[in-house]
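# Descriptive analysis of the structure
Here are the chains, one letter per residue:
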Amino acid sequence: MNDDDISAYVDAASALLDLPIPEAIRAETLNAFKVMQTLSMGFLDFPLPEETEAAPRFTP
Amino acid sequence: MKLYEQTAVALAGMVRAGKVSAMEILEAHIARIEQLDPQLNCFTDTTFARARTEAAAVDARVKAGEDPGPLAGVPVAVKNLVDIAGLSTRAGSKIYRDAPPAKADAPVLAKLIQAGAVLLGALNMDEFAYGFVTENIHDGPVHNPHDLARVAGGSSGGSAAAVAAGLAAITLGSDTNGSIRVPAGFCGIFGLKASYGRVSRAGTFPFVDSFDHIGPFARSTEDLAIVYDVLQDSDAHSARPAINPARIGILGDWFQEGASEDMLDALSRVAKGLGATATASLPEAKRARAAAFCITAFEGGQLHKQNLRARAADFDPATVPRLMAGALMPGEIIYQAQRFRAWFQSQARELFARYDLLLAPSAPVTAPLIGQKLMNIGGVEMPVRANLGLYTQPISFVGLPVVNVPVVSSGMPRGVQIIAAAGQERRALAAAAQLEAAGIVAAPVASF
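To start, this report covers the structure provided alongside it. Position numbers for residues start from 1 in each chain and track the written sequence from start to end. Think of it this way: whatever chain is written first is A, whatever ligand is written first is 1, and the rest follow in order. Predicted model: local features are reported for residues with pLDDT of at least 70 only, side-chain atom pairs are reported and counted for 80 or more only, and whole-chain, interface and lining totals are derived from all residues. In computing side-chain properties, one takes all heavy atoms of the structure into account and sets aside hydrogens as well as water.

## A look at the overall build of chain B
Helix and strand assignments come from DSSP, with helices taken as H or I runs of at least 4 residues and strands as E runs of at least 2, each series counted from the N terminus. Across its full length, chain B holds 15 helices and 17 strands. With C-alpha atoms as the basis for the radius of gyration, the globule rule is written as 2.2 Å multiplied by the number of residues raised to the power 0.38. The C-alpha atoms of chain B give 20 Å as radius of gyration, which agrees with the globular expectation for 448 residues (22 Å, within 12%). Within the span of chain B, comprising 448 residues, buried residues form 64% of the whole. Pairs of residues are marked as contacts when any of their non-hydrogen atoms sit within 4.5 Å. Once local pairs closer than 6 in sequence are excluded, the contacts in chain B between residues at least 24 apart make up 76%. Summed over its atoms, the accessible surface of chain B is roughly 14,700 Å², and 51% of this surface lies on carbon and sulfur atoms. A distance of 3 Å separates the average location of the 40 positive side-chain charges in chain B from that of its 41 negative side-chain charges. Only protein chains enter the accessibility calculation, which uses a 1.4 Å probe. A residue is then buried if its area is under 20% of the maximum for its type, exposed if over 50%, and partly exposed in between. Note on areas: Shrake-Rupley with a 1.4 Å probe; residue coverage comes only from the protein chains shown. Just so you know, the count uses Lys and Arg for positive and Asp and Glu for negative, and it drops His and the chain ends. Charge positions come from single atoms, namely NZ of Lys, CZ of Arg, CG of Asp or CD of Glu.

## Overview of the overall build of chain A
Regarding its fold elements, chain A presents 2 helices and 0 strands. Taking 60 residues into account, the globule formula puts the C-alpha radius of gyration at 10 Å, and chain A, at 16 Å, lies well above it. With the C-alpha coordinates of chain A rotated into their principal frame, the extents come out at 40 × 30 × 15 Å. In chain A, which comprises 60 residues, the share counted as buried stands at 38%. Carbon together with sulfur atoms contributes 58% to the accessible area of chain A, which is approximately 3,900 Å² in total.

## What about the state of the cysteines?
All names here are of chain B. By disulfide we mean two sulfur atoms from cysteines, separated by a distance within 2.5 Å. Following the criterion strictly, the structure yields 0 disulfides over all chains and no others. Cys 42 takes part in no disulfide bond, and the closest cysteine sulfur to it belongs to Cys 187, at a distance of 7.8 Å. Cys 42 gets classed as buried once you look at its relative accessible area, which sits at 0%.

## Focus on the pairing of strand 13 (residues 357–361) of chain B
Along a regular strand, successive side chains alternate from one face of the sheet to the other. Residues and elements named next belong to chain B. Among the 5 residues that make up strand 13, 5 are buried, leaving the element largely enclosed by the rest of the structure. With burial as the criterion, each face of strand 13 is covered, one bearing Leu 357, Leu 359 and Pro 361 and the other bearing Leu 358 and Ala 360. In this sheet, strand 13 lies alongside strand 11 (residues 248–251) in parallel orientation, the contact comprising 3 bridges. When the bridges of strand 13 are listed, Gly 249 appears paired with Leu 358. Strand pairing is assigned whenever DSSP identifies at least 2 bridges connecting the two strands. Here strand 13 runs beside strand 17 (residues 414–420); their pairing, made up of 5 bridges, is antiparallel. Each residue of the ladder has a partner; that of Ala 360, found in strand 17, is Gln 417.

## So, the sheet that holds strand 12 (residues 278–280) of chain B
Residues and elements named next belong to chain B. Across the sheet, 11 strands lie side by side as 1-3-2-8-10-9-16-17-13-11-12; this open sheet has mixed pairing. Each of the sheet's edge strands pairs with one partner strand only, and the pair in question is strand 1 (43–46) and strand 12. Taken pair by pair, the neighbouring strands of this sheet meet at an average axis angle of 30 degrees, ignoring direction. Relative to the sheet, helix 4 (residues 107–114) contacts strand 2 (75–79), strand 3 (118–123), strand 8 (170–175) and strand 10 (213–218), its axis offset from that of strand 3 by approximately 150 degrees. Note on geometry: axes are lines fitted to C-alpha atoms, helical ones only across the stretch in contact, with angles between N-to-C directions running from 0 to 180 degrees.

## A look at the interface of chain A and chain B
Facing the 33 residues of chain A at the interface are 34 residues of chain B. When two parts are put together, the accessible area they lose, computed with a 1.4 Å probe and summed over both, is reported as buried area. Taken together, the two surfaces of chain A and chain B that pack against each other cover about 2,800 Å², and 78% of this comes from carbon and sulfur. The largest contributions to the chain A side of the interface with chain B come from Leu 19, Met 36 and Phe 43 of chain A, which together make up 24% of the buried area. For this document, the term salt bridge refers to a Lys or Arg side-chain nitrogen within 4 Å of an Asp or Glu carboxyl oxygen. Counting every contact that joins chain A to chain B gives 1 salt bridge. Arg 287 of chain B serves as the salt-bridge partner of Asp 45 of chain A, at 3.6 Å between the closest nitrogen and oxygen. Contacts described as polar in this section are N or O atom pairs within 3.5 Å, which, within protein, must combine one atom able to donate a hydrogen with one able to accept it, while residues neighboring in sequence count only if both atoms come from side chains. At the boundary of chain A and chain B, one finds 7 residue pairs in polar contact (both at pLDDT 80 or more). Within the residue set of the side of chain A that touches chain B, elements represented by two or more residues are helix 1 (3–16) and helix 2 (23–44) of chain A. In terms of residue count, the dominant contributor to the side of chain A that touches chain B is helix 2 of chain A (12 residues).

## Section: helix 2 (residues 22–40) of chain B
Residue and element names in this part refer to chain B. To get the bend at any residue, fit one axis to the seven residues that end at it and another to the seven that begin at it, then take the angle between the two axes. The principal kink in helix 2, of about 35 degrees, is found at Glu 34, preceding the proline Pro 38 by one to four residues. The set of residues buried in helix 2 consists of Ala 22, Ile 25, Leu 26, His 29, Ile 30, Arg 32, Ile 33, Leu 36, Asp 37 and Leu 40. Phi for Asn 41, located one or two positions after helix 2, is positive at around 65 degrees.

## Examining the pattern of salt bridges
Residue and element names in this part refer to chain B. Counted according to the given criterion, the structure contains 22 salt bridges over all chains. The salt bridge partner of Arg 52 is Glu 27, with a shortest N-O separation of 2.7 Å. Of this pair, Arg 52 sits in helix 3 (residues 48–63) while Glu 27 sits in helix 2; the two residues are 25 residues apart in sequence, bridging distant segments of the chain. The exposure class of Glu 27 is partly exposed, given its relative accessible area of 31%. In this structure, Arg 97 and Asp 139 form a salt bridge, with 3.2 Å as the shortest nitrogen-oxygen distance. In this pair, Arg 97 sits in the loop between strand 2 and helix 4 while Asp 139 sits in the loop between strand 4 (135–136) and strand 5 (140–141), placing the two residues 42 residues apart along the sequence.

## Focus on the packing of aromatic side chains
Each Phe, Tyr or Trp ring (for Trp, its six-membered ring) is paired with any other whose centre lies within 6.5 Å, and the angle between the two planes then decides the class: stacked below 30 degrees, edge-to-face above 60, tilted in between. This structure, assessed with the given rule, holds 13 aromatic pairs over all chains. Three or more aromatic residues joined by ring pairs make a cluster, and in this case those are Phe 46 of chain A together with Phe 211, Phe 340, Trp 343, Phe 344 and Phe 397 of chain B. Charge over a ring is defined by NZ of Lys or CZ of Arg lying within 6 Å of the ring centre and within 35 degrees of the ring normal. We note Arg 32 of chain B situated over the ring of Tyr 4 of chain B; from NZ or CZ to the ring centre the distance is 3.8 Å.

## Describing the side chain of Arg 426 of chain B
Residue and element names in this part refer to chain B. With respect to the helices, strands and loops of the structure, Arg 426 is situated in helix 15 (residues 425–437). Classification of Arg 426 as buried rests on a relative accessible area of 18%. At a separation of 2.5 Å, a polar atom in the side chain of Arg 426 contacts the side chain of Asp 229.

And the structure:
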């Protein structure tokens, strides 16, 4: 995902969630998102067993 | 030894024996705070009137021959995300500065008071606990008592610096990604992050439900153990499991990559002191840290979404971009991060079949300068604020109990994590006590 893709996603998500990003923090927000998106590649492509459940579990 | 230099156990012992009054101890600490806190900036609120009432009550119990509790007359303070009756719980923010005052003390604070402690006030922190430096834009930075030009660490920076400087014998902080262990390491004191879920979070301002822990700072392992017992209504502090050197692993790979010579020396001293020689590998810690980073931003972003929408300009500029980005993160990333968390937990469990304890530095470097933006980690320039928790984040990711031990040093303090299997706090505390008895770790009050 390049910088333009990130910018497009963030703008779309911002509009969808009604969460406007003030211009004063737009550049830092895009940078933070890019850092997280890059970090996420480290575990998104990691092969997990199909039976692995997400950690938070509802306990009745 | 001056009163402010005494451990909590020593102070309570003197009060219980009638050798000194809780009021004398309190006034010594108030004088210390008034003298030094203008330079350190640990306290955001003081509660001296309340403290005098509590100290008088302790002294009255002693005089009446009643049991004043295991923390009789011990001066304590709490990170300003812990509810204090009558004060707004601001969590380091501007936004909650005018929130309605808390109606009651958080249960963790109430337990300390019930045990005879005396509350000095609330302590400075990174806004909403999102940081490792405690350079709070609203309240100013906390200064490290060992070098006022350096950070105290964060996000519980006020909690760590107050204990290190002898302003309080015990403080409470919180640890989501390292916010007890990093500042305890930077300030040269002991800190305990218990197993996830072990200590109540009721009445404390949340950050990341998946990782938040509340825990104590102290200047001795005995103090940590007693406070831990008080917080969970147990009296088992004297139980100390035997330490088997053959079952202690020194974490390699990720947990040493980029660490400074200073920090590796500290790790080596702790390992030697415990007789540990084996190198242990906790696989995929880098991915674990990445997943913790993303879950943190996401859950924090969700928590603060309404204020991000309405009052973005009132956040600390150092905090708000990550919260905003986290609030916009796609669900796939968080779902897979939480699946990875379950897998990583299984790896940690396997490792604890072979080991009782694991060792790792609490941070890659000693305390950076206040205002420093970048640091060199293994030859790579990295932002300070986001990367001081490289070695702590994978551990809190799976909720393991950790004691930070302050390795005796002639330079800036250096902390090492003693990590145990879930529920095995006693083992980490026992190892810390063994090192303390051998003079390898210690937390004397900082002189400056």
